[in-house]
Amino acid sequence: MAGPDGGPMIVFAGVRLDRGDRTVLSGLDLTLAERRIGVIGANGSGKSSFARLLNGLLLPSRGSVTIDGLDTRRDAKAVRRKVGFLFQNPDNQIVYPTVGEDLAFGLKGRKLPEAEIAGKVRATLRRFGLDGFHDRLVHELSGGERQMVALAGVMILKPEWLVLDEPTTLLDRRNTQRIMEAVGGLDQHVVLVTHDLSLVESFDRVLVFDAGAVVADGPPAMAIDAYLRLLG
Ligand SMILES: Nc1ncnc2c1ncn2[C@@H]1O[C@H](COP(=O)(O)OP(=O)(O)OP(=O)(O)O)[C@@H](O)[C@H]1O
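So, how was this worked out
Here, residues in each chain are numbered from 1, in the same order as that chain's written sequence. Local features are withheld for residues below a pLDDT of 70 in this predicted model, meaning they are given only at 70 or higher, and side-chain atom pairs are given and counted only at 80 or more; totals for whole chains, interfaces and linings count all residues. Computation of side-chain values covers all heavy atoms of the structure but excludes hydrogens and water. UniProt positions are given in the numbering used here, feature names are shortened, and annotations may be inferred rather than shown by experiment. A run of H or I in DSSP becomes a helix once it reaches four residues, and a run of E becomes a strand once it reaches two; helices and strands are each numbered from the N terminus. One fewer than the residue count of a helix, multiplied by 1.5 Å, yields its expected span. Each residue's exposure class comes from its accessible area (1.4 Å probe, protein chains only) as a fraction of the maximum for that residue type: buried when under 20%, exposed when over 50%, partly exposed otherwise. Note that the arc is defined by the directions from the helix axis to the C-beta atoms. What makes two residues a contact is simply this: any of their non-hydrogen atoms within 4.5 Å. Pairing of N or O atoms within 3.5 Å defines a polar contact, subject to two protein rules: one partner must be a possible hydrogen donor and the other a possible acceptor, and residues neighboring in sequence count only if both atoms are side-chain atoms. Strands were regarded as paired on the criterion that DSSP finds at least two bridges between them.

Labelled according to an unreviewed UniProt entry, the protein chain appears under the name Energy-coupling factor ABC transporter ATP-binding protein, originating from Jiella avicenniae. The record held by UniProt for the protein chain lists under Sequence similarities (unreviewed entry) the comment "Belongs to the ABC transporter superfamily."

What follows concerns helix 6 (residues 173-184). Taking 1.5 Å of rise per residue, the 12 residues of helix 6 would be expected to cover 16 Å, and the 16 Å separating its terminal C-alpha atoms lies within 8% of that figure. Within helix 6, burial applies to Asn 175, Thr 176, Ile 179, Met 180, Ala 182 and Val 183. Projected down its long axis, helix 6 carries its buried residues within an arc of 155 degrees, all on one side. Opposite its buried face, helix 6 presents the exposed residues Arg 173, Arg 174 and Glu 181, each directed more than 90 degrees away. Looking at the buried residues of helix 6, the elements they touch are strand 3 (36-41), helix 5 (143-155), strand 7 (161-165) and strand 8 (189-193).

Its location among the elements puts Gln 188 in the loop between helix 6 and strand 8. Judged by its relative accessible area of 14%, Gln 188 falls in the buried class. Separated by 3.0 Å, the side chain of Gln 188 and the backbone oxygen of Pro 159 make a polar contact. With sequence-adjacent residues up to four places away left out, Gln 188 is seen in contact with Arg 35, Arg 36, Met 155, Lys 158, Pro 159, Glu 160 and Trp 161.

Pairing within the open sheet is antiparallel, and its 4 strands lie in the order 2-1-4-5. Both outer strands of the open sheet, strand 2 (22-32) and strand 5 (70-71), are each paired with one neighbouring strand and no more.

What follows is the structure in structure tokens.
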């Protein structure tokens, strides 16, 4: 099952999500196939929950989420391979003390030969402007450097989709720009949750969440306008 251009596609069918005793998302019927999709909305409107449904970090209480026909509930492992996830705080996903070890970690799980892993780590560091960082201790890096390492750690596994949940909230303008430039250069499909509306202005499609539902969905100018009107 592929998108209109033959590319990958994520389908939400009749999705509801309960967390605790609350329904936090409901009535989600969506097909995502665009390369750059923004997700905006007020605090607590359900954006992070939506993002976590995309790669099976959360499972729907009703309905289904499928990626190219793979169900996030039934095919969890295959889904995680297809959909990478970048958290707001890089400390949530960097596991190893040094940058090189951290980047190698996911590849070791895929049982690749050591020499191939070392080559991929080097190439990925170069690609994300992290030459010279191989033996640096992660906890000694700046927040911006750590977020770039976290991004490199996700991308080294070559997912087809990258979901980013407010990846620049903790960063200054310069590092926000660096991360967004790196994301802009990716071939992958990107879903970006953000409160920074300027980051999605050039995207293909923007979803606006309000109280657990999608209340606007379309080109950035239309969606941002709808969101601003919602804020009053
Ligand atoms: N584990 C949980 N148990 C109960 N309710 C939860 C849980 N996690 C989130 N919620 C609620 O779900 C709703 C949606 O939260 P979510 O984090 O998805 O919103 P958000 O749009 O990403 O917000 P923000 O912009 O503040 O990050 C909120 O009302 C939140 O309180």
